[in-house]
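# Results of the structural survey
Letter by letter, the chains look like this.
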Amino acid sequence: MTSSGRRSDVLRVQSISKSFGGLKAVQDFSLTLCEGDLKGLIGPNGAGKTTVFNLLTGVYKPDSGAISLSDAEVAGLRPNQICRQGMARTFQNIRLFGELPVLDNVRLGTHVRAHQTLLGAAMRSPFSVGEERAMTARARDLLAFFGLEGRAEEQARNLPYGDQRKLEIARALATSPKVLLLDEPAAGMNSGEKVALRDLIRRVQTTFGVTILLIEHDMGLVMDICQRITVIDYGVTIAEGPPEAIQNDPKVIEAYLGAPDEPSVEQGVARA
Amino acid sequence: MDTFLQTLKDALAIGSLYALIALGYTMVYGILKFINFAHSDVVVLGAWGSLVLSRWLEARTGSTWTTDTPAPAYIGLLVLLAAMVFCGLVGFTIERLAYKPLRKAPRLNVLITAIGVSLFLQNTGQLESLFGNRPRSIPALLPDQTLVSIGRVNVTTLDVVGLGTAVALMVLLEWLVFHTKMGRAMRAVSHNTTTASLMGVPVNRVISFTFVLGSMLAAAGGFLWSLKYQQIGQTADTSWTLLGLKAFVAAVVGGIGNVRGAMVGGLAIGSLEMFGCAYYKSSMADVYVFGVLIVVLLFRPGGILGKATIEKV
Amino acid sequence: MLPLLIGLVFAAVMQLVVKPNIGDYPAKLVLDIGIAISLAVSLTMVNGFTGQFSMGHAGFLAVGGYAAGIVTYYGSQRIWGDRATHGGILSGRPLAIDPATLPLVGHGDWLFLAALVVGGLVAALLGFLVGLPSLRLKGDYLAIVTLGFGEIVRVMIQQTNATLKPQDIAWEEVYPALPRPAGVEAVASYAFDVIDPATKLGRTVYQAVSDTPAWDVLTHVGGSLGFTGIPKYTSLFWVYIVASITIFAAFRLKQSTFGRAFLSIREDEVAAEAMGVNTTRYKVWAFVISAFFAGVAGGLFAHTLGVGLSAETAGFLKSFDIIIMVVLGGLGSISGAVIAAVVVTVLPEALRDIPQYRLIIYALALILIMIFRPKGLLGTHEIWDRAVWKRVRRRGGSEPGKAKGGSSP
Ligand SMILES: Nc1ncnc2c1ncn2[C@@H]1O[C@H](COP(=O)(O)OP(=O)(O)OP(=O)(O)O)[C@@H](O)[C@H]1O
Ligand SMILES: [Mg+2]
């Protein structure tokens, strides 16, 4: 799939910018994702990575620039509309529906594709009952895929940290996205879990055929699974290319060495 | 013209009271981000505290204080200070017992707790063993002399002392917040609690201090209120809650969390209410106030002196 | 539909079997409980499900009550020429009438039903308007705006005029300037009191019913005197029918995909929106649905024997009462709201000798629950959920210190 000749662009981002007061969090950020891509987005703390996600998913409105998802302009739409168009995300600081059962977290993800009406649901019309059954089945499938089927009835906030991150991915996948944005899915995981996560992300991509944009601080993971990587620093894109090129890019090395509390590219690769 | 001047005088008087009370709301909101619903009840305690103390003093000195033979000036000052100390203690206690356990809880829970505290104070105050459930009147602590007359509008001692006290307290607060170490700590905590505590600001002490300060201003508000109206409604009288709500609206309209905003907002709401009543319909006073609140929140949620912020995700 | 059928049977049993056997006073209490249940459950849909904190629920109650009252009060006069009830066995009726002479459901009951629906719809429309600010405001701000809304409703009701009372008035009184046609003695008229702006004195004005435009009645609902004279149709049957429908709707909603969408907004609005939930639309929907049921409950309230519908119905004290029920029961728990509605309605009876302690007890309960059980007694759960009992057993078994739950860091 990755090497087929003609692949269409699913996501085209053209020089979007965003500032908060005087702080230019993201400047002229551009990016193109082709169907089936798995791209990395890296940069030191505070570089603006999460802000890029927030701009893509409509949480913040870009000050300027264009975002097209499957050739439809989505910049300026509300997050729920963008999700409906086919872009879903996870959150860096986990944002599950903590009081709700694990199953309902995933079922909620399927809501955006539901066709029933409020009245139909209240009257339990055959259509709405059937759809509800299908949503539940799909949610259970997703939980099984992530090995969470045994915890379906538990409250999401009671899950261990690693499972919460997986549940976030499952919930995002339940919205049937074309593009999946993962914000530091490995954060807080130990090395064993990270290896498992690496395989999981690959399996997600092949099983669900989604295009993935991945923010991750663990260089080993990023270099290992991403075909291409974009590096930003202070909101500005400083490099773009395949992992090998990024590792040797002097600007990237400087950006990371300039932030000493950050694992350098070299160290990250060495650890992996 | 007389109507205008008279209304202006009323607006200043009530507006400065709103401002005093609004300061308590705004300081607490600035730091803990919740509406301290019980604040208006501290105002009430200030009023009733003043009443009980001055009645007691009246009985002790064996005199009767009426508008013609008011209490000596130092009595009024004494009552004011005592009410402020009393309410300061009450505020401190409320914060420690009810709000402190909820420091990490969702804001909604704190709001509900505040409603609980408010209902508790209102209804405990009405017990026969405390203030009882009937309005009572406070002895006259000030002469009601006319000092100046402009047209047919009389400016009395009461007007001057009321406005003067409110302004003096606000100047004092302004100095405290912007020119002392404690004030700096308050502003730091209000800006970002976590960072402030990392920087070594004793957050809990600052919060307590804020409550004490706000409650003392509320006490002064209650005291001035009782001087102005003499008749003091029972503690669960809904007019108190409305008074508190209007003061809160003043805080929001001025820009919540902003000390100067509370003063501006208080005067704005006072004027709106008084001019609305004088020139349109007095029975609709509450409608003007809440109407303005809704409009301000929808179109300028930061208030007059505040600025809008984007929630970080 | 089975649950609704059960509700119907239950309501009929309440009216036909329970009521005659428990006496008037307990029956009134049971009736109050039913209305409280509808109010608490309807507020749960906003405060519990979507987590938007509305403090103006009594505003919807009052608006629904007034709208329904207008329909029956003025409707009755137009249709039957009087303000008596024209209900059947299942509805509220004057004690003097022998039930044997009545049909099961009378003509008046249909008017009453229509009035309830009108009350609900008018409240729902207002719910839509009040829901709009919820799109831009959160938490406390929304709370204060909804509270302000309730107060505005209260003051607006106070501004209305005295109710119109139908009387046959001498022609000369009604049409002083017109010559009296032969044979006509009196005119069917409305009498109402006005304050003369010039003299500031009250006087009575007469106006022929046929000359009174229909919309005129909207401004004649009693003002600060209260809306009196509404026919008293409310019975245990109607109250428990409404309560059943409200509970049924709340459950169906909660268990549907829309209910999950509502709950997701409460849990994390940003995440809900990012997962494709149109939070804007659902928040407004929550207000509309909730206001509808509150409006219907208001209609029941307005037609209850011994109730004086007044502007105070919309005041925040009434709203606080409903909030207390919802918070005690558990924000989001329907069965919790029902239980709390029963407790909060019955408690004043238990405290009949010391009524002054009622609100003190509620207040302490609110504070302690927020500290020790931040989500209310049942949280989002229903009373029969396993999670509730598991927790109770665990707590009962050991570690009382754990009771702090989510509130401690
Ligand atoms: N809502 C906001 N208001 C003000 N400043 C913001 C807001 N959101 C982000 N910022 C600022 O924008 C900059 C970029 O933040 P962002 O969260 O995108 O960084 P990041 O690359 O994701 O960092 P990290 O690796 O720590 O997650 C930071 O300086 C941050 O403080
Ligand atoms: Mg980030």
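Residues numbered from 1 in each chain as written. Chains lettered and ligands numbered in written order. Predicted model: local features only at pLDDT ≥ 70, side-chain atom pairs only at ≥ 80, totals over all residues. Heavy atoms only, no water.

## Points about the environment of Ala105 of chain B
Stated precisely, the cut-off is as follows: Secondary structure follows DSSP: runs of H or I at least 4 residues long count as helices, runs of E at least 2 residues long count as strands, and numbering of each begins at the N terminus.
By secondary structure assignment, the location of Ala105 of chain B is in the loop between α3 (73-99) and α4 (107-125). Taking C-alpha positions, Ala105 of chain B is 34 Å from Leu267 of chain B, a pair spaced 162 residues apart along the chain.

## Considering the interface of chain C and chain B
Heads up, the rule is: What makes two residues a contact is simply this: any of their non-hydrogen atoms within 4.5 Å. Buried surface area refers to the total accessible area, computed with a probe of radius 1.4 Å, that the two partners give up upon joining, counted for both partners together. Think of a salt bridge as a Lys or Arg side-chain nitrogen and an Asp or Glu carboxyl oxygen that are within 4 Å of each other. Under the rule applied, a polar contact is a pair of N or O atoms within 3.5 Å (in protein, one hydrogen donor and one hydrogen acceptor; residues adjacent in sequence only if both atoms are side-chain atoms).
Contacts between the two partners involve 40 residues from chain C and, on the opposite side, 45 residues from chain B. In total, chain C and chain B occlude about 3,900 Å² of area from one another, counting both sides; carbon and sulfur atoms represent 79% of this. One can count 1 salt bridge joining chain C with chain B. Of the charged contacts in the structure, one is a salt bridge between Arg154 of chain C and Asp286 of chain B, with a shortest N-O distance of 3.3 Å. In this structure, the connection of chain C to chain B is made through 3 residue pairs in polar contact (both at pLDDT 80 or more). Going through the elements one at a time, α5 (139-158), α11 (316-329) and α13 (358-372) of chain C are the ones with two or more residues in the side of chain C that touches chain B. Counting residues per element, the side of chain C that touches chain B draws most heavily on α5 of chain C, at 12 residues.

## Concerning the coordination of the magnesium ion (ligand 2)
All names here are of chain A. The following threshold applies: Listed donor atoms are N, O and S within 2.8 Å of the metal (Na, K and Ca: 3.2 Å). As water is not included, a site may look incomplete. Type-normalised accessible area, obtained with a 1.4 Å probe on protein chains alone, sets the label of each residue: buried when under 20%, exposed when over 50%, and partly exposed for intermediate values.
For the magnesium ion (ligand 2), every protein donor is listed as Thr50 (OG1) and Gln92 (OE1), and the spread of their distances is 1.8 to 2.1 Å. Taken as a pair, Thr50 in helix α1 (residues 49-56) and Gln92 in the loop between β6 (87-89) and α3 (102-110) lie far apart in primary sequence, 42 residues in all. Residue classification places Gln92 among the partly exposed positions, given a relative accessible area of 30%.

## Notes on unusual backbone geometry
Backbone geometry at Ser15 of chain A places phi at a positive 30 degrees, although glycine is not the residue there. Along the chain, the position of Ser15 of chain A falls in strand β1 (residues 9-20). In this structure, Gln230 of chain B takes a positive phi of about 60 degrees despite not being glycine. Within the secondary structure, Gln230 of chain B is located in the loop between α8 (203-229) and β4 (231-232).

## Some words on the confidence of the model for chain C
Residue and element names in this part refer to chain C. The criterion, for reference: Residue-level confidence of the predictor is summarised by pLDDT, bounded by 0 at the bottom and 100 at the top.
This prediction gives chain C a mean pLDDT of 84; 93% of its residues lie at or above 70. When the criterion is pLDDT under 50, residues 396-409 qualifies, and its contacts beyond four places in sequence or with other chains add up to 11 contacts. Two summary scores accompany this predicted model of the complex, namely pTM at 0.88 and ipTM at 0.89.

## So, the confidence of the model for chain B
Within chain B, residue pLDDT values average 88, and 98% of them lie at 70 or more. Here strand β2 (residues 146-150) of chain B stands out as the least confident element of chain B, with mean pLDDT 84; α3 of chain B is the most confident, with 93.

## Concerning the side chain of Thr157 of chain B
All names here are of chain B. Here Thr157 is to be found in helix α5 (residues 157-179). Separated by 3.2 Å, the side chain of Thr157 and the backbone oxygen of Pro143 make a polar contact. Ignoring sequence-local partners within four residues, the contact set of Thr157 consists of Pro143, Asp144, Gln145 and Leu147.

## Observations regarding the interface of chain C and chain A
Stated precisely, the cut-off is as follows: Residue polarity follows a fixed list, in which Ala, Val, Leu, Ile, Met, Phe, Trp, Tyr, Cys and Pro are nonpolar, Asp, Glu, Lys and Arg are charged, and the others, Gly among them, are polar.
Contacts between chain C and chain A engage 32 residues on the former and 32 residues on the latter. Counting the surface chain C buries against chain A, the share from its top three residues, Arg252, Arg260 and Met275 of chain C, is 27%. Counting every contact that joins chain C to chain A gives 3 salt bridges. In this structure, Arg95 of chain A and Asp268 of chain C form a salt bridge, with 2.7 Å as the shortest nitrogen-oxygen distance. In this structure, the connection of chain C to chain A is made through 12 residue pairs in polar contact (both at pLDDT 80 or more). Secondary-structure elements contributing two or more residues to the side of chain C that touches chain A are α7 (236-255), α8 (257-267), α9 (269-274) and α10 (279-302) of chain C. Here the side of chain C that touches chain A gets 8 residues from one element, more than from any other, and that element is α8 of chain C. Partitioned by chemical class, the residues of the side of chain C that touches chain A number 15 nonpolar, 10 polar and 7 charged.

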